[in-house]
Amino acid sequence: EAGVAQSPRYKIIEKRQSVAFWCNPISGHATLYWYQQILGQGPKLLIQFQNNGVVDDSQLPKDRFSAERLKGVDSTLKIQPAKLEDSAVYLCASSLGPSIFRSPLHFGNGTRLTVT
Amino acid sequence: TQLLEQSPQFLSIQEGENLTVYCNSSSVFSSLQWYRQEPGEGPVLLVTVVTGGEVKKLKRLTFQFGDARKDSSLHITAAQPGDTGLYLCAGEGGTYKYIFGTGTRLKVLA
C-alpha cells in the first residue's frame, strides 16, 4: 500500500510569514494526526481528526495554527503568522481508527520548517 | 497530564555492546508501543505491548511492559550501526489519548 504522503519536504520562511503543509493519508484510514517534532524530541500532537471531525486539538495554538481535513481524506495545516519557535518537523500520521492498539500509526516523512 | 519520560536521553556505544532504554510514567497505559525514527523519516512502529509483564522479542531487540503497565524497557543485544536512530515509546492512556515519550537518541559506532 502507498504510504502517507506529505509536501513540501522542506520550507524556509521568515517570521510573520504564512506557510501551509499538505498530507494525503493511507487510503481508507479514518484517523489523521498532525504532530510537531522539535529536533531530537518526541512528537507532540497538534490535532487529531476522525474522518473530517476534530477529536483533539487541545495543544494546537489556535491563534496562529489552523487545520482542516477535506472530505475526510487530505488535510492541510497552516501557520499564520509564523514565529521562530515554530521551527520543527511537522509529521502527519494516519490510522484505520482511533484506537492505537487496534490500528497503529503510519507516519509520513514530515516537512522540515525553518523560520528565520 | 500524562507524561512518558525516557532515559537515557542520549547513548553512544560501540558495535557489539548491549544497551537498555527505559520509558517511565506515573500513569497507567492500556497499551504501549516502541518506534524507531531515522533522520529525515517518520517514526516506524517496532512493537506493541498490551499485557502487564509482557515480553516481546524482535531479533536482537527485547521489549518488556511493566507489571503495573506504567513503564517499559527496550533491550538491544549486540548493537549494530544499523540500530542507530531515535527510539520513541508511545502510550495509549485515556480514550484515544496517545502520547509520545521524550525520546532516546542512540548512536552505534562501528
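Residues numbered from 1 in each chain as written. Chains lettered and ligands numbered in written order. Predicted model: local features only at pLDDT ≥ 70, side-chain atom pairs only at ≥ 80, totals over all residues. Heavy atoms only, no water.

## Things to note about the overall build of chain A
Now for step 1: Within chain A, the secondary structure is distributed over zero helices and eleven strands.
Now for step 2: Whereas a compact globule of 116 residues would reach a radius of gyration of roughly 13 Å, chain A reaches 13 Å, a difference of no more than 12%.
Now for step 3: Judged by the C-alpha coordinates and their principal axes, chain A covers about 40 × 25 × 25 Å.
Now for step 4: For chain A, the proportion of its 116 residues judged to be buried stands at 48%.
Now for step 5: A fraction of 55% describes how many contacts in chain A between residues 6 or more apart in sequence connect residues 24 or more apart. (Helix = DSSP H or I, 4+ residues; strand = E, 2+ residues; numbered from the N terminus. Rg over C-alpha atoms; globule rule 2.2 N^0.38 Å. Buried < 20%, exposed > 50% of the residue type's maximum accessible area, 1.4 Å probe, protein only. Contact = heavy atoms within 4.5 Å.)

## Focus: the state of the cysteines
All names here are of chain A.
Now for step 1: Counted by the stated rule, this structure contains two disulfides over all chains.
Now for step 2: There is a disulfide in this structure between cysteine 23 and cysteine 92, and the S-S distance comes to 1.9 Å. Disulfide cysteine 23-cysteine 92: torsion about the S-S bond near -70 degrees, hence left-handed. Here cysteine 92 lies in strand 9 (residues 88-95) and cysteine 23 lies in strand 3 (residues 19-24), a separation of 69 residues in the sequence. Assigned by exposure class, cysteine 23 and cysteine 92 land together as buried. (Disulfide = S-S within 2.5 Å.)

## Quick word on the sheet that holds strand 7 (residues 65-69) of chain A
All names here are of chain A.
Now for step 1: The four strands are arranged 1-3-8-7 in an open sheet whose pairing can be described as antiparallel. The strands lining the two open edges of the sheet, one partner per strand, are strand 1 (5-7) and strand 7. On average, adjacent strands in this sheet sit at an angle of 15 degrees to one another, irrespective of strand direction.
Now for step 2: For strand 1 and strand 3, the ladder comprises three bridges, and the chain directions are antiparallel. In the strand pairing of strand 3, serine 7 is matched with tryptophan 22. (Pairing = 2+ DSSP bridges. Axes fitted to C-alpha atoms, helices over the stretch in contact; angles between N-to-C directions.)

## Section: the side chain of threonine 104 of chain B
Now for step 1: Among the structural elements, threonine 104 of chain B can be located in strand 11 (residues 104-109).
Now for step 2: When its relative accessible area of 0% is taken as the criterion, threonine 104 of chain B is described as buried.

## Regarding the interface of chain A and chain B
Frequently, the measure chosen for interface size is the accessible area that the parts lose on association.
Now for step 1: At the interface, 19 residues of chain A touch 21 residues of chain B.
Now for step 2: In this assembly, chain A packs against chain B so that about 1600 Å² is buried in total across both faces, 57% of it on carbon and sulfur atoms.
Now for step 3: Put simply, chain A and chain B have zero salt bridges between them.
Now for step 4: Counting across the interface, chain A meets chain B through five residue pairs in polar contact (both at pLDDT 80 or more).
Now for step 5: Of the residues assigned to the side of chain A that touches chain B, the class counts are nine nonpolar, eight polar and two charged. (Buried area = accessible area lost by both parts, 1.4 Å probe. Salt bridge = Lys/Arg side-chain N within 4 Å of Asp/Glu carboxyl O. Polar contact = N/O pair within 3.5 Å; in protein donor to acceptor, adjacent residues only side chain to side chain. Nonpolar A, V, L, I, M, F, W, Y, C, P; charged D, E, K, R; others polar.)

## So, the side chain of glutamine 37 of chain B
Now for step 1: You can see glutamine 37 of chain B is positioned in strand 4 (residues 31-37).
Now for step 2: Under the relative-accessibility criterion, glutamine 37 of chain B is labelled buried at 8%.
Now for step 3: Separated by 2.8 Å, the side chains of glutamine 37 of chain B and glutamine 37 of chain A make a polar contact.
Now for step 4: Look past the residues within four positions of glutamine 37 of chain B in its chain and what remains in contact with it is Gln37 and Leu91 of chain A together with Gly42, Pro43, Gly85, Leu86 and Leu88 of chain B.

## Details of the pattern of salt bridges
All names here are of chain A.
Now for step 1: This model, assessed by the stated rule, comprises four salt bridges over all chains.
Now for step 2: Ionic pairing is found between aspartate 57 and lysine 62, a salt bridge with its closest N-O pair at 3.8 Å.
Now for step 3: One salt bridge connects aspartate 86 with arginine 64, and the closest N-O pair in it is separated by 2.5 Å. Placement of aspartate 86 in the loop between strand 8 (75-79) and strand 9 and of arginine 64 in the loop between strand 6 (53-56) and strand 7 is noted, with a sequence separation of 22 residues between them. Taken individually, aspartate 86 and arginine 64 each receive the classification buried, so the pair is uniform in this respect.

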